[in-house]
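Observations on the model geometry
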2 protein chains.
Amino acid sequence: MRIAIIGAGRVASQLAPALAQAGHEVVAVWSRSEPSAQLLASKTGAVPLHGSKPDFATVTAAADLYLLAVPDDAVAQVLQAAQWPAGALLAHTSGALPLGVFAAQQQVRGGVFYPLQTFSPGRVLDWSTVPLCLEADEEADLAVLEAVARSLSQRVLRVPTPARQQLHVAAVFACNFTNHLLGIADALLADAHLPADLLTPLIRETVDKALANPPFAVQTGPAVRHDASTVALHTRALGAHPAWQQLYQLLTASIQETAATRPQA
Amino acid sequence: MRIAIIGAGRVASQLAPALAQAGHEVVAVWSRSEPSAQLLASKTGAVPLHGSKPDFATVTAAADLYLLAVPDDAVAQVLQAAQWPAGALLAHTSGALPLGVFAAQQQVRGGVFYPLQTFSPGRVLDWSTVPLCLEADEEADLAVLEAVARSLSQRVLRVPTPARQQLHVAAVFACNFTNHLLGIADALLADAHLPADLLTPLIRETVDKALANPPFAVQTGPAVRHDASTVALHTRALGAHPAWQQLYQLLTASIQETAATRPQA
């Protein structure tokens, strides 16, 4: 397939080389910034495009797919500002944006190509395990998205907008919020002058257990035991960090509510 | 060493067989319930003791170490109710209880033997990686605790009460609270009729990244990007779960506060 990449950030920087390696022709890479466009284009043999009003209609031959890997709040703007070949298939990579974001653009076809993963510079990803969640109105467009997706990953699903948005909320809990809790734990260890890797076996076992069981069914700790004196001790110990103290109390209450209201927990 | 185990719950059930396998003689296992005491004692060749007032002074020959693996709120009660050999070395296994819990018992020596791990029935633990956090007033008692600890684990530390309590708070964030977030994610997937293992690669990558970096430095997601429209969308999507909606908002605020106040984040 001939694929154009719109964006040169975290997702685009991992996606473009992976697509090239899977045998696709990355025909163009666009970024608002010229150095970013050139850097990523040079890694994939693509034509670099930059500036606020890219012309995909005349600068390169038409691509089979235009993948929009820009921040959510930039998608509508890029859609409007750029020139697209008539009838081009565009797909965004967002967990949150509806398929309907393309509705205002009469001259293009719209789709979704959402990789369910967290992207950070310098991390090497195994794309074959990354779930790719696809959506389009037309079966022919889904077929293009599926062909590209299956060349990268063994996990390809059709997920309509409402389920994808729910999945995105779940991903925020499982990834972004979990990372924040691990950051709080890391900071508390540093405060106590304890080695940063002391919690590693506990974190590994926690995740192994949560992935092997319904997590609510294997909940442990002072909250689910209703160990009020330990909860009080911990609350006092967090006195220097009011935001974390408030989180401690709310998470404790949520664990206790879950145990009380979900029979399987 | 000759070791007596007080308790037959999650910690005791994993600790007693591990100690026997490491070559120690488990001389007695006590539980309030007779079947629990007999079951665990039979696995380790120990004498089972039960009832509310166990007599460790006359029922068995003196042990080198009496390990208290009972719930935190039962420790003081068991300490008082039981008969201990004069000068016996007792150690509790709690993250939260101070060493001072033994101060009221003039006739025994007190210590702490805290395994930093989460214990659930049926999980096979690799004790060699479990950090064992020790504390005692007397160097001779620490030497006994260290000898037992090193026979189980490669990670043995002396950790005084205040640092251990801080570590315990950190462990609640890294383990119990993380598990709860993974449970919420799991429940949201089930609500959307999505496969339960869809988040597995994301969770694995999140934890791998958080263990390879200071977690605050690799925070991703709508909160740290100040992506207000996605945060608003997610908040609406959680309308059916007010407790999780409140958690979402507080975690989002905490991530944003951390990014604003910690230069390394």
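Residues numbered from 1 in each chain as written. Chains lettered and ligands numbered in written order. Predicted model: local features only at pLDDT ≥ 70, side-chain atom pairs only at ≥ 80, totals over all residues. Heavy atoms only, no water.

Per an unreviewed UniProt entry, chain A goes by DUF2520 domain-containing protein and derives from Hymenobacter oligotrophus.

1. Regarding the packing of helix α5 (residues 161–191) of chain A against helix α8 (residues 242–261) of chain B
The line we're drawing: Geometry is summarised by axes, namely lines fitted to C-alpha atoms with helices restricted to the contacting stretch, and by angles between N-to-C directions that run from 0 to 180 degrees. Numbering of helices and strands runs from the N terminus; a helix is a DSSP stretch of H or I covering at least four residues, while a strand is a stretch of E covering at least two. To sort the angles, those under 35 degrees are grouped as roughly parallel, those over 145 as roughly antiparallel, those from 65 to 115 as roughly perpendicular, and the leftovers as oblique. By definition, turning the near helix anticlockwise from the far helix through less than a right angle yields a left-handed crossing, and turning it clockwise yields a right-handed one. The contact rule is simple, with two residues in contact once any of their heavy atoms fall within 4.5 Å.
Viewed as axis vectors pointing N to C, α5 of chain A and α8 of chain B meet at an angle of 50 degrees, and their least axial separation amounts to 10 Å. Taken together, the axes of α5 of chain A and α8 of chain B lie oblique to each other. The two elements α5 of chain A and α8 of chain B cross, and the hand of that crossing is left-handed. In this structure, α5 of chain A contributes Val172, Phe173, Asn176, Phe177, His180 and Leu181 of chain A to the contact, and α8 of chain B contributes Trp244, Tyr248, Leu251, Thr252, Ser254, Ile255 and Thr258 of chain B.

2. Side note on helix α6 (residues 200–212) of chain A
The criterion, for reference: To estimate the expected span of a helix, subtract one from its residue number and multiply by 1.5 Å. Think of it in three bands: with a 1.4 Å probe and only protein chains considered, a residue is buried below 20% of the maximum accessible area for its type, exposed above 50%, and partly exposed in between.
Helix length check: α6 of chain A (13 residues) gives 18 Å between terminal C-alpha atoms against 18 Å at 1.5 Å per residue, within 8%. Of all the residues in α6 of chain A, the buried ones are Pro201, Leu202, Ile203, Glu205, Thr206, Val207, Lys209 and Ala210 of chain A.

3. Some points on the interface of chain A and chain B
For clarity, the threshold we go by: A simple way to read buried area is as the amount of 1.4 Å-probe accessible surface that goes missing from two parts once joined, with both sides added. Note on definitions: salt bridges are taken to be side-chain nitrogens of Lys or Arg within 4 Å of carboxyl oxygens of Asp or Glu. The residue classification treats Ala, Val, Leu, Ile, Met, Phe, Trp, Tyr, Cys and Pro as nonpolar and Asp, Glu, Lys and Arg as charged. All others, Gly included, are polar.
Taken together, the contact between chain A and chain B spans 90 residues of the former and 90 residues of the latter. Carbon and sulfur atoms supply 68% of the area buried between chain A and chain B, which totals about 8700 Å² over both sides. Counting the contacts that link chain A with chain B gives six salt bridges. For the salt bridge of Arg155 of chain B with Asp197 of chain A, the shortest nitrogen-to-oxygen distance reads 2.8 Å. Looking at which element gives the most residues to the side of chain A that touches chain B, the answer is α5 of chain A, with 27 residues. Residues belonging to the side of chain A that touches chain B are distributed by class as follows: 51 nonpolar, 25 polar and 14 charged.

4. Let's talk about helix α3 (residues 72–81) of chain B
Using the following cut-off: Throughout, the arc means that of the directions going from the helix axis to the C-beta atoms.
Of all the residues in α3 of chain B, the buried ones are Asp72, Ala74, Val75, Val78 and Leu79 of chain B. The arc that holds every buried residue of α3 of chain B, seen down its axis, measures 140 degrees, which confines them to one face. The exposed set on the far side of α3 of chain B, more than 90 degrees from its buried face, consists of Asp73 and Gln80 of chain B. On its buried face, α3 of chain B is in contact with α7 (228–237) of chain A together with β1 (2–6), β2 (25–31), β4 (65–68) and β5 (89–92) of chain B.

5. Some points on the relation of the copies chain A and chain B
For the record, the criterion: Alignment of copies: least-squares fit on C-alpha atoms of residues with pLDDT of at least 70 in both copies.
The operation relating chain A to chain B is a screw motion whose rotation component is 180 degrees, with 0.0 Å of axial translation and a residual RMSD of 0.0 Å. What the rotation and shift describe, once combined, is the action of a two-fold rotation axis. Closest approach to the rotation axis among the C-alpha atoms of chain A is made by Thr178 of chain A, whose C-alpha sits 2.8 Å away.

6. Quick word on the nonpolar core
Under the convention used in this document: The term nonpolar core refers to a set of buried residues drawn from Ala, Val, Leu, Ile, Met, Phe, Trp, Tyr and Cys, joined through side-chain atoms within 4.5 Å.
If you look at the biggest cluster of nonpolar residues, it comprises 132 residues, and the most contacted ones within it are Trp84, Phe173 and Leu199 of chain A together with Trp84, Phe173 and Leu199 of chain B. Those residues in contact with Trp84 of chain B that sit more than four places away from it in its chain are Ile6, Phe56, Ala57, Tyr66, Leu68, Val78, Leu79, Leu90, Gln107 and Val108 of chain B.

7. Some details on the domain arrangement of chain A
Buried accessible area, meaning the area lost when the parts come together, often serves as the stated size of an interface. Residue and element names in this part refer to chain A. Where we set the bar: Note that domain bounds follow an automatic or database assignment of domains. Pairs of N or O atoms within 3.5 Å make up the polar contacts considered here, provided that, within protein, one atom can donate a hydrogen while the other can accept it, and that residues adjacent in sequence are counted only when both atoms are side-chain atoms.
For chain A, the assigned domains are domain 1 (2–158) and domain 2 (164–261). Facing 13 residues of domain 1, the contacting portion of domain 2 comprises six residues. Summing both partners gives a buried area of about 690 Å² for domain 1 against domain 2, and 58% of it is carried by carbon and sulfur. There are one salt bridge connecting domain 1 and domain 2. The residue Arg164 makes a salt bridge to Glu135 at a minimum N-O spacing of 3.0 Å. Remark: the boundary between domain 1 and domain 2 carries five residue pairs in polar contact (both at pLDDT 80 or more).

8. A look at the sheet that holds strand β8 (residues 156–158) of chain A
All names here are of chain A. Heads up, the rule is: We call two strands paired when DSSP finds no fewer than two bridges between them.
Overall, mixed pairing links the eight strands, which are arranged β3-β2-β1-β4-β5-β6-β7-β8 in an open sheet. One side of each edge strand has no neighbouring strand; the edge strands of this open sheet are β3 (47–50) and β8. Mean inter-strand twist for the sheet, computed between neighbouring axes without regard to direction, equals 25 degrees. Across four bridges, strand β1 (residues 2–6) lies against strand β4 (residues 65–68) in parallel orientation. Pairing of Ile5 across the sheet is with Leu67, part of β4. Lying on the sheet, helix α4 (residues 139–152) is in contact with β1, β4, β5 (89–92), β6 (109–115), β7 (132–136) and β8; it crosses β7 at an angle near 165 degrees. Against the sheet, α5 makes contact with β5, β6 and β7, and its axis sits at roughly 25 degrees relative to β6, the strand it touches most.

9. Remarks on the UniProt feature "domain: DUF2520" (unreviewed entry) in chain A
Short version of the rule: UniProt positions are given in the numbering used here, feature names are shortened, and annotations may be inferred rather than shown by experiment.
Residues annotated by UniProt as "domain: DUF2520" (unreviewed entry) correspond here to residues 130–254 of chain A. The distance from the first to the last C-alpha atom of residues 130–254 of chain A is 30 Å, and the span holds 65% helix and 6% strand.

10. Remarks on the pairing of β7 of chain A
Residues and elements named next belong to chain A. The test is simple: Handedness is read with the strands pointing away from the viewer; a crossover is right-handed when the path from the first strand over the helix to the second is clockwise.
Here β7 lies mainly inside the structure; five of its five residues are buried. Burial along β7 is two-sided: the face carrying Leu132, Leu134 and Ala136 and the face carrying Cys133 and Glu135 are both buried. Sheet analysis places β6 next to β7, joined by five bridges and oriented antiparallel. For Val112, the partnering residue across the bridge sits in β7 and is Glu135. Sheet topology places β7 next to β8; three bridges connect them, and they run parallel. Bridge pairing links Cys133 to Leu157 in β8. In terms of handedness, the path from β7 via α4 over to β8 forms a crossover that is right-handed.

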